[in-house]
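Secondary and tertiary structure notes
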Amino acid sequence: MLNDIDFDKIDINGSIPEDETNRQYYYIAKCREYVSNLKKEIGRDLTCSVKTFGCQMNARDSEKILGMLILMGYTPIESEDADLVLYNTCTVRENANQKVYGHLGYLKNKKKHNPYMMIGLCGCMMQEPQVIETIRSKYRFVDVVFGTHNIFKFAEILYTRFESGSMVIDIWDRTDEIVEDLPSERKYSFKAGVNIMFGCNNFCSFCIVPYVRGRERSRNPRDIIREIEMLVADGVTEVTLLGQNVNSYGKTLDDKMTFAELLELVCQVDGLKRVRFMTSHPKDLPDELIEVMAKEPKICKHFHLPLQSGSDRLLTEMNRHYDKATYLELVDKLRAAMPDISITTDIIVGYPGETEEDFNDTLEVVRKAQYDAAFTFIYSKRSGTAAAKKEQLDKDVVKERFDRLLKEVQTIAADRTNRFEGEVKEVLVESVNDHEEGMVTGRMDNNLLVHFKGDESLIGSYVDVKLTDGKDFYYIGEAVKER
Ligand code: SF4
């Protein structure tokens, strides 16, 4: 967060500071000197590119890494022609790993033509020991490798690479440490993700996250609020509070605090207009959270409630700790408290052992819950998880079920989306429209996208938009007035 730090005051020839934040600024300063000397030597700027695979957690981590690189003196670019290319990897699906290896082959060729090029790998995939072995033996041209627990040490790791001239691999099994106040480069000037906790304790049978992100650790609420106040002072009006299961927030703090209490504190930050959060696990969604959400106008009326399966039998096998009836009760409670709320979900089709009856239970929940959107996934075997040891289903059966589910989900979502046609809603403008010149794209409080006439000057502003044309999963609208 301290992007305006005075590097002249850091004595890079003095002793290494003990405090972790100061230690990392010390190493950023050392990298900065190295990069500055190299730029002079080769007579040009040095560029960097951070590519993110996976979820919002990774996207947020990439912002932190990019923030450090910019302070070191690198110029960010999109292309992989950069002098430093870093892949922040995901390992939720097994084929994601193959994708990264494929990209590495491509980078190897680029490195042959650029003697100053550095290649880095980090993120969840690096927490898998067999991946590290593969990189160590087959991808010797990679320069730095680190994991999910020591991102804060990136500058120190990179500096070690600069000094040693050989590959540096630094992977931690776990950490209890949360290092505050490191730099960050946000993708958007007006909205930001804020980590409120790290890790997960749930061990859903299909998920690798607890193995690669470690156990739950909550950030101190004072640090969260301080970060949000700084973001607001810097022009941010919308924050998304991030955690694998935000309902567990505060359980690891000395002074216990619930997520609902944290939300109330966050809403008190002056100048903040919208608060979002994800993800909330159905096993422990308290009434208190629904009440706070309903009464607090700053909290966006969008709830992502992952279902995964509608079959009680499979939910038990998945270690999800809820059943169909309690899940549907939660949906009813959310809709009773906030009739306009948009509810979205994740669903897995083809989990090992799924029968037609199990699948019909999922379809039944989909019909009853009336989701505004659903992210549907074909179960993909993930080595290292409990479900990977079970017998896998026939691919054709799974594909046929997937198509049926998708059709159902899309029909319901189209009806739900189009229900606001003709109404005027507040939209936060996020970008110019990539596909149609003269149009901008924004998001309503319930997370639906709206495209309407406008230009770049509107990005970051709130505009009242009449939703003239419902297009099943987005709207075309007309600006009524800018707020
Ligand atoms: S709650 Fe389950 S699905 Fe979500 S991150 Fe934790 S283990 Fe994975």
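Described below are features of the structure shown in this document. (Residues numbered from 1 in each chain as written. Predicted model: local features only at pLDDT ≥ 70, side-chain atom pairs only at ≥ 80, totals over all residues. Heavy atoms only, no water.)

Turning next to helix α3 (residues 94–113). Buried within α3 we find A96, N97, V100, Y101, L104, L107 and K111. Projected onto a plane normal to the axis of α3, the buried residues spread over an arc of 140° and lie on a single side. What points out from α3, more than 90 degrees from its buried face, is the exposed set N95, Q98, K99, K112 and H113. On its buried side, α3 packs onto β3 (84–89), β4 (118–123) and α4 (129–138). (Buried < 20%, exposed > 50% of the residue type's maximum accessible area, 1.4 Å probe, protein only. Helix = DSSP H or I, 4+ residues; strand = E, 2+ residues; numbered from the N terminus. Arc of directions from axis to C-beta. Contact = heavy atoms within 4.5 Å.)

Pairing in this open sheet of 6 strands is parallel, and the strands run β2-β1-β3-β4-β5-β6 from one edge to the other. Looking at strand neighbours, the two that pair on one side only are β2 (75–76) and β6 (168–170), the edges of this open sheet. Here strand β1 (residues 47–52) pairs with β3 via 5 bridges, running parallel. Across the sheet, the residue bridging to S49 is V85, located in β3. In this fold helix α2 (residues 56–72) packs onto β1, β2, β3, β4 and β5 (144–146), with an angle of close to 170° to the strand it touches most, β1. (Pairing = 2+ DSSP bridges. Axes fitted to C-alpha atoms, helices over the stretch in contact; angles between N-to-C directions.)

This structure, assessed with the given rule, holds 2 cavities of 30 Å³ or more. In this structure, the largest cavity occupies an estimated 430 Å³ of space. Lining the largest cavity are 28 residues, and of these K64, I178, V179, N195 and F198 sit closest to its centre. Among the secondary structure elements, those contributing two or more residues to the lining of the largest cavity are α2 and α7 (221–233). Ranked by residues supplied to the lining of the largest cavity, first place goes to α7 with 4 residues. Grouping the constituent residues of the lining of the largest cavity by class yields 9 nonpolar, 7 polar and 12 charged. Each pocket or cavity is described by its volume, and for the second largest cavity that value is around 30 Å³. Along the walls of the second largest cavity sit F277, M278, T279, S280, H302, F303 and H304, which together make up its complete lining. Breaking the lining of the second largest cavity down by element, the ones donating at least two residues are β11 (274–278) and β12 (302–304). (1 Å grid on protein atoms, 1.4 Å probe; cavity = no way out; pocket = protein on both sides within 12 Å on 5 of 7 lines; lining within 4 Å. Points joined across faces, edges and corners; volume = space filled by probe spheres on them. Nonpolar A, V, L, I, M, F, W, Y, C, P; charged D, E, K, R; others polar.)

A word on the packing of aromatic side chains. Per the stated rule, a full pass over the model turns up 15 aromatic pairs. Aromatic side chains Y34 and F162 sit 3.9 Å apart centroid to centroid with 5° between the ring planes, which places their arrangement in the stacked category. Of this pair, Y34 sits in helix α1 (residues 20–42) while F162 is found in helix α5 (residues 154–164), placing the two residues 128 residues apart along the sequence. Classification of Y34 by relative accessible area gives partly exposed; the value is 29%. Accessibility expressed as a relative area gives 7% for F162, which makes it buried. Geometrically, the ring pair formed by Y101 and Y139 is stacked, given 5.3 Å between the ring centres and 10° between the ring planes. Of this pair, Y101 sits in helix α3 while Y139 sits in the loop between α4 and β5, and the two are 38 residues apart along the sequence. With respect to class, Y101 is no different from Y139; both count as buried. Following the ring pairs from residue to residue traces out a cluster consisting of Y26, Y27 and Y159. Its end group placed over the ring of Y188, K191 keeps NZ or CZ at 4.7 Å from the ring centre. Of note, K273 hangs over the ring of Y462, and the distance from its end group to the ring centre comes to 4.4 Å. (Phe/Tyr/Trp six-rings, centres within 6.5 Å; stacked < 30°, edge-to-face > 60°. Lys NZ or Arg CZ within 6 Å of the ring centre and 35° of its normal.)

Let's shift gears to the site of the ligand. If you check the shell around the ligand, you find C200, N202, F203, C204, F206, C207, V209, P210, Q244, H281 and R320 and nothing else. Taken together, the residues that form the shell around the ligand break down as 7 nonpolar, 3 polar and 1 charged. (Near = heavy atom within 4 Å.)

For F190, the position within the fold is in the loop between β6 and β7 (191–195). On the basis of relative accessibility, which here comes to 3%, the residue F190 falls in the buried class. With residues near it in sequence (within four places) discarded, F190 still touches G235, V236, T237, E238, L428, V429, E430, I459 and G460.

Note that every value here comes from positions in space, so none of it alone points to a role or purpose.
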